[in-house]
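# Chains, contacts and geometry: an overview
What follows is each chain in one-letter form.
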Amino acid sequence: MGSGTNLASARLEVRQTANVPNHHLAKPFLLLSLLLCLVPGRASGQAAAEAAGATSVSATAGSTAKASPFSSVTTPGDKSKSPHLLVPTVQRPEVANRQNLEQNAGKHPGKLLLRSIPSAAQVWVNGMFVGHAPLLLILAPGKYQVELRGQRMERAAHAVDLLPDETRTVSLTLSARYPTHASVR
């Protein structure tokens, strides 16, 4: 038994309303007893079922259930996390790299809009993958090496010198790394 009130000795009062049969009033108590038997540190499921006044086998079946291995206590940092997910969500590397660049942008960041022909090329800034084109980056002023990689090994590279509070658009046409066709003479 956990500390606190003893659920087996608790009395619940059920009042019959005018047009509601008795079997409809018992359902919420059955659900309550099943929920209470799963909460760790509380009275056993049998005591919860007795406290709810349940006499059916389905209400007392949960009395042999073990306590949940997951903590029911949440910390302030856990508010954004779902208690139903067992595996922690992992941030994609391109999102983490882009956020790292944007967080270090400083007071007067520059904006860099990257476009590729054909579109949807991978964007690499200073050797870090940051997303797919078209892409708007907020960066600290400085020099950056931008590389775009296409789906069929096409590539384009460009050095960018970004000034404070500048918005620059860079459009690069991807060229094939290898010939797409060969002719025989």
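Preceding this section is the structure that the text describes.
Just so you know, these numbers come straight off a predicted model, no measurement behind them.

### Topic: the side chain of Glu 94
Inspection of the secondary structure puts Glu 94 in helix H4 (residues 93-103). When residues no more than four places from it in sequence are discounted, the contact partners of Glu 94 are Phe 129, Val 130 and Gly 131.

### Concerning the environment of Gln 91
Within the secondary structure layout, Gln 91 lies in the loop between helix H3 (57-60) and H4. Judged by relative accessible area, Gln 91 falls into the partly exposed class, the value being 44%. Sequence-distant contacts of Gln 91, defined by excluding residues within four places in its chain, comprise Ala 96 and Gln 99. A distance of 2.8 Å separates a polar atom in the side chain of Gln 91 from a polar atom in the side chain of Gln 99.

### Here's the deal with the sheet that holds strand E3 (residues 128-132)
In space, the four strands of this open sheet follow the order E3-E2-E5-E6, with antiparallel pairing throughout. Every other strand in the sheet has two partners, leaving E3 and strand E6 (155-162) as the edge strands with one partner each. Mean inter-strand twist for the sheet, computed between neighbouring axes without regard to direction, equals 25°. In terms of strand pairing, strand E2 (residues 122-125) meets E3 through four bridges, oriented antiparallel.

### Some points on the sheet that holds strand E4 (residues 135-139)
What the three strands build is an open sheet, ordered E4-E1-E7; its pairing is mixed. Each end of this open sheet is capped by a strand with a single partner; those strands are E4 and strand E7 (167-173). Between one strand axis and the next, the sheet turns through 20° on average, direction left out of account. Where strand E1 (residues 110-117) meets E4, five bridges bridge the pair, whose relative direction is antiparallel. From the neighbouring strand, Lys 111 faces E4, where its bridge partner is Ile 138.

### Comments concerning the pattern of salt bridges
If you walk through the whole model with that rule in mind, you get four salt bridges. Salt-bridge contacts for Glu 94 lead to Arg 92; the nearest nitrogen and oxygen are separated by 3.1 Å. Salt-bridge contacts for Arg 168 lead to Glu 166; the nearest nitrogen and oxygen are separated by 2.9 Å. Among the residues examined, Arg 168 registers a relative accessible area of 27% and is labelled partly exposed. Here Glu 166 falls in the buried class, since its relative accessible area comes to 18%. Residues joined in a network through salt bridges with shared partners are Glu 147, Arg 149 and Arg 155.

### Re the environment of Ser 171
Relative to the helices and strands, Ser 171 is located in strand E7. Overall, the relative accessible area of 47% leaves Ser 171 in the partly exposed class. Between the alpha carbons of Ser 171 and His 158 there is a distance of 9.7 Å; along the sequence they are 13 residues apart.

Scoring rules and cut-offs
Residues numbered from 1 in each chain as written. Predicted model: local features only at pLDDT ≥ 70, side-chain atom pairs only at ≥ 80, totals over all residues. Heavy atoms only, no water. Helix = DSSP H or I, 4+ residues; strand = E, 2+ residues; numbered from the N terminus. Contact = heavy atoms within 4.5 Å. Buried < 20%, exposed > 50% of the residue type's maximum accessible area, 1.4 Å probe, protein only. Polar contact = N/O pair within 3.5 Å; in protein donor to acceptor, adjacent residues only side chain to side chain. Pairing = 2+ DSSP bridges. Axes fitted to C-alpha atoms, helices over the stretch in contact; angles between N-to-C directions. Salt bridge = Lys/Arg side-chain N within 4 Å of Asp/Glu carboxyl O.

Purely spatial values, then, with no claim about function.
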